[in-house]
Amino acid sequence: MFAVHLLAFHFTKLKEDQIKKVDRYLYHMRLSDDVLLDVMTRFQAEMVKGLGRDTNPTATVKMLPSFVRSLPDGSEKGDFLAVDLGGSQFRAHQVKVFDDGKQSSQLESKFYLTPKEVIQGNGAELFDYVADCLLDFMETKNLKHKKLPLGFTFSFPCKQTKLEEGVLLAWTKHFKVRGVQDTDVVNSLRKALQKHKDIDVDVLALVNDTVGTMMTCGYDDQRCEVGLIIGTGTNACYMEEMRHIDLVEGDEGRMCINTEWGAFGDDGALDDLRTEFDRELDLGSLNPGKQLFEKMISSLYLGELVRLILLKMTKEGLLFNGKVSTALLTKGKIEMKHVSAMEKCKEGLSNTKEILTELNLFPSEDDCIAVQHVCTIISFRSANLCAAALAAILTRLRENKKLLRMRTTVGIDGGLYKTHPQYAKRLHKVVRRLVPNCDVRFLLSVSGSGKGAAMVTAVAHRLAAQRKQIDAALAPFLLSLETLREVKNKMRTELEYGLKRETQASATVKMLPTYVCGTPDGTEKGKFLALDLGGTNFRVLLVKIRSGRRRSVQMYNKIFAIPLEIMQGTGEELFDHIVQCIADFLEYMGIKGARLPLGFTFSFPCRQASIDKGTLVGWTKGFKATDCEGEDVVDMLREAIRRRNEFDLDIVAVVNDTVGTMMTCGYEDPNCEIGLIAGTGSNVCYMEDMKNIEIVEGNEGKMCINTEWGGFGDNGCIDNIRTKYDKEVDEGSLNPGKQRYEKMTSGMYLGEIVRQILIDLTKQGLLFRGQISESLRKRGIFETKFLSQIESDRLALLQVRRILQQLGLDSTCDDSIIVKEVCGTVSKRAAQLCGAGLAAIVEKKRENRGVEHLQITVGVDGTLYKLHPHFSRVLRETVKELAPQCDVTFMLSEDGSGKGAALITAVAKRLHNVGQK
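Residues numbered from 1 in each chain as written. Predicted model: local features only at pLDDT ≥ 70, side-chain atom pairs only at ≥ 80, totals over all residues. Heavy atoms only, no water.

### Points about the packing of helix H9 (residues 299-315) against helix H13 (residues 365-400)
Running from N to C, H9 and H13 point in directions that differ by 140 degrees, and their axes come no closer than 10 Å. On the basis of the axis angle, H9 is oblique to H13. Here the hand of the crossing between H9 and H13 comes out right-handed. Across the interface between the two elements, Leu302, Leu305, Val306, Ile309, Leu310 and Met313 of H9 pack against Val371, Val374, Cys375, Ile378, Ser379, Arg381 and Ser382 of H13. A class-by-class count of the residues in the contact of H9 with H13 yields 10 nonpolar, two polar and one charged. (Axes fitted to C-alpha atoms, helices over the stretch in contact; angles between N-to-C directions. Helix = DSSP H or I, 4+ residues; strand = E, 2+ residues; numbered from the N terminus. Parallel < 35°, antiparallel > 145°, perpendicular 65-115°, else oblique. Left-handed = near helix turned anticlockwise from the far one by under 90°. Contact = heavy atoms within 4.5 Å. Nonpolar A, V, L, I, M, F, W, Y, C, P; charged D, E, K, R; others polar.)

Next up, the structure:
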């Protein structure tokens, strides 16, 4: 028993001695975590360099855009072919993808040995070989009669400008085919396939094996956004934000980047880590000075590294009694399969003895232990370096997503990872140590890169079909210049109907006289109260106007909410609530006893008989208070003040917010004779010649006309441009059949149009995995402010996804792109329609003045114009296009509905005083 223990102790001691000896000898190959973190930082810098337009030409890590923009979403279906060229075997595959809700697929493959004369021959022979193999496969599977889409896995660095094109940059691994570099390999494959008239194959996608691996795993796990190959070669790909890829136009969405990390260090960035053995191996390779990182990692080179180390150690007398065999001197005699066998846990030492004996080295027990440890150090270094570069990619992904902690999946393929007994475990462990804030699942690619090429093709096929459906849904929103001219001309016709006595009653654009007959001239002064009712909030303001050299306007205001039950209760309740708010404000300002002149901004259609009389034509914007329509709102306000019996006010003017906007801007710019509101509602007013206003007596001077153009189209004149979504929004509104133009142009309805489109696209399976969430079913959930946020140029898709998540919509990156496109289409149409209407007004002003060229200012207010990132630009461009003889300046109004009401009151007082004199 004692003898057994002594023997075990002796063996352990012997093993420790041999391991220490090798550790000392290969000290530079053992990398600490600090060194690996440094490698990770260096690789991150190389990634940034590769992504930049200016720095890419000199970057060693090429960061090649793959033009794969989407991962599988489970809705792919159909039959696809794939061919896979990149290793010692060529593979042809048929992939059936089933849309059965289970994300199932079926793969049938055939392997063809790639002869050496093909691998190192000329390009025509290579692609003829590929085409011949594919023909054989299709005959075997009885597929010759079918037209099938094909994905081409080509495991070499290519520069792509689209998914179905790839120019070979350089051969790697053991390939050295002449006449292919700098040519489009897809075009070469198509030419070879065309020689076979009896097959009809459409090459839809060219993918790298790494990308194929990611797509294969992405079909099974939608978190998969990194692909990794560790085999004959090594490479990684991942989904990068488009805004970071300078080499490709566009900022929307993501694209898979094929890093081609095998060339990391070709510029000397890893020279401090490369050993004499790495240099010797490189010099003896087919491509000296290139793919230096790959030569430290991939299975093609690790066996040779082990041979070079053993050769030197033997020559120095550290192994095999210093006796070198012919086999040990022969390049390629130790392969990766030998390294893997020697590192096996139980039978590793006996395997080592057997392999070394085959090399005529006659090893001792010491030699076997030392050689086994050399293999461990070489494979461990490979796993460590691979982990460091992968950690850099994972960190970049996490930072792109702005997450403190990230869950993701890495799809992996490659013989080294699959067959080496320790490699996978070591890689996982080191990655988790280097990036502790990433929860990484490593998913082995079962069906290889061939299925991945088919999945890329399937996704491309799905996206093309989806694109057609999305285009069809959005096509009715795309208005041609000719259509916009028609809208402008129809608006002009409706404006004339509204001004004429015999047609005014039936006109949809009511052209209501406001009895505001002048704009500010700078002499207005005094204290005025203003009320502003036009939405869910009500404001009371005290406005102090100074004239002369110290001309200024000071305002004090307080905002009061109007509850829904008041908005949709009785008229008496609404006006009692308004008077209560006024009383609170007068108390707050300490002016309850003063009888101040008051301007009442009432942003609803009113028919006026004078400046202080306004009969409500009809409620809009969600108001439904009873016993108001057909009544004078000024009388209703006076009655409510009398009922309260606490204070008295001099109600001088009832005005629309649009008129207030024009007056506010007119105070700053005398050339302002048009007011535009583009916000919750949509409306325009302008100064019309009295001689054209048949419904008001007198021909001298001008009067402001409140067009109430929201009703444009209520007679069906623009039905040709109304979509099914517009009709659904109209039918679900509080006033079906009314304010049709407003429902296509104003902030209150744009979000609802978007919601209707999203529901339709979801029903078609184009969004949100075909699942209509409860929140999407809720009317009004998609507020117009979300359109403004989603369409912001500064907003990354990640933030768009967060907005959608706030709305209870669990979106993918692809969903976010589609939602952003829908929002953009709806808001652009709104701005164009608004621009067409405004062009009709400015053209009318030009003709009124009888001038060839008109210069005029439009005062504008409203959240849609102010806050939407593109609305104002599209509006201005449309007006310029449709009214080229008018030079229109747009001036933002500062508080038109409050300040404007006070200014109208001040102008009315001034004109009244002039009249009395």
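Don't stop here, the text continues.
### Brief notes about the pairing of strand E10 (residues 234-241)
Burial of E10 is extensive: eight of the eight residues sit out of reach of the surface. The side-chain alternation of E10 yields two buried faces, one formed by Thr234, Ala236, Tyr238 and Glu240 and the other by Asn235, Cys237, Met239 and Glu241. Two elements, strand E9 (residues 224-230) and E10, share five bridges in a ladder whose sense is antiparallel. Paired with leucine 228 across the bridge in E10 is alanine 236. If you look at the hairpin formed by E9 and E10, you'll find three residues sitting between the two strands. (Buried < 20%, exposed > 50% of the residue type's maximum accessible area, 1.4 Å probe, protein only. Pairing = 2+ DSSP bridges.)

### Some thoughts on the environment of serine 70
Along the polypeptide, serine 70 turns up in the loop between strand E1 (64-65) and strand E2 (78-85). Under the relative-accessibility criterion, serine 70 is labelled buried at 5%. Spatially, the C-alpha atoms of serine 70 and alanine 460 are 8.3 Å apart, while their sequence positions differ by 390 residues. The residues contacting serine 70, other than those within four sequence positions of it, are Met215, Met239, Val459, Arg462, Leu463 and Asp814. One polar contact links serine 70 to aspartate 814, side chain to side chain, over a distance of 2.8 Å. (Polar contact = N/O pair within 3.5 Å; in protein donor to acceptor, adjacent residues only side chain to side chain.)

### Section: the pairing of strand E25 (residues 854-861)
Across the eight residues that make up E25, a large majority, seven, are buried. Here strand E22 (residues 672-678) pairs with E25 via five bridges, running parallel. For leucine 676, the partnering residue across the bridge sits in E25 and is valine 860. In this structure, E25 lies alongside strand E26 (residues 886-892), joined through seven bridges in parallel fashion. Residue pairing for E26: valine 858 is matched across the bridge by phenylalanine 890.

### Focus: the packing of aromatic side chains
Per the stated rule, a full pass over the model turns up 24 aromatic pairs. Summarising the aromatic geometry, the rings of phenylalanine 90 and tyrosine 112 are spaced 6.1 Å apart at their centres and angled 45 degrees between planes, so their arrangement reads as tilted. Taken together, the residues phenylalanine 90 in strand E3 (residues 89-98) and tyrosine 112 in strand E4 (residues 104-113) connect sequence positions 22 residues apart. An identical accessibility class is assigned to phenylalanine 90 and tyrosine 112; each is buried. With centroids separated by 5.8 Å and ring planes inclined at 85 degrees, the aromatic side chains of tryptophan 261 and phenylalanine 293 adopt a geometry described as edge-to-face. Of this pair, tryptophan 261 sits in the loop between strand E11 (254-258) and helix H7 (276-283) while phenylalanine 293 sits in the loop between H7 and helix H8 (294-297), and the two are 32 residues apart along the sequence. Exposure remark for phenylalanine 293: the relative accessible area of 0% places this residue in the buried category. Aromatic ring contacts, followed pair by pair, group Phe152, Phe154, Phe156, Trp171 and Phe175 into a single cluster. (Phe/Tyr/Trp six-rings, centres within 6.5 Å; stacked < 30°, edge-to-face > 60°.)

That is the geometry; function is a separate question.
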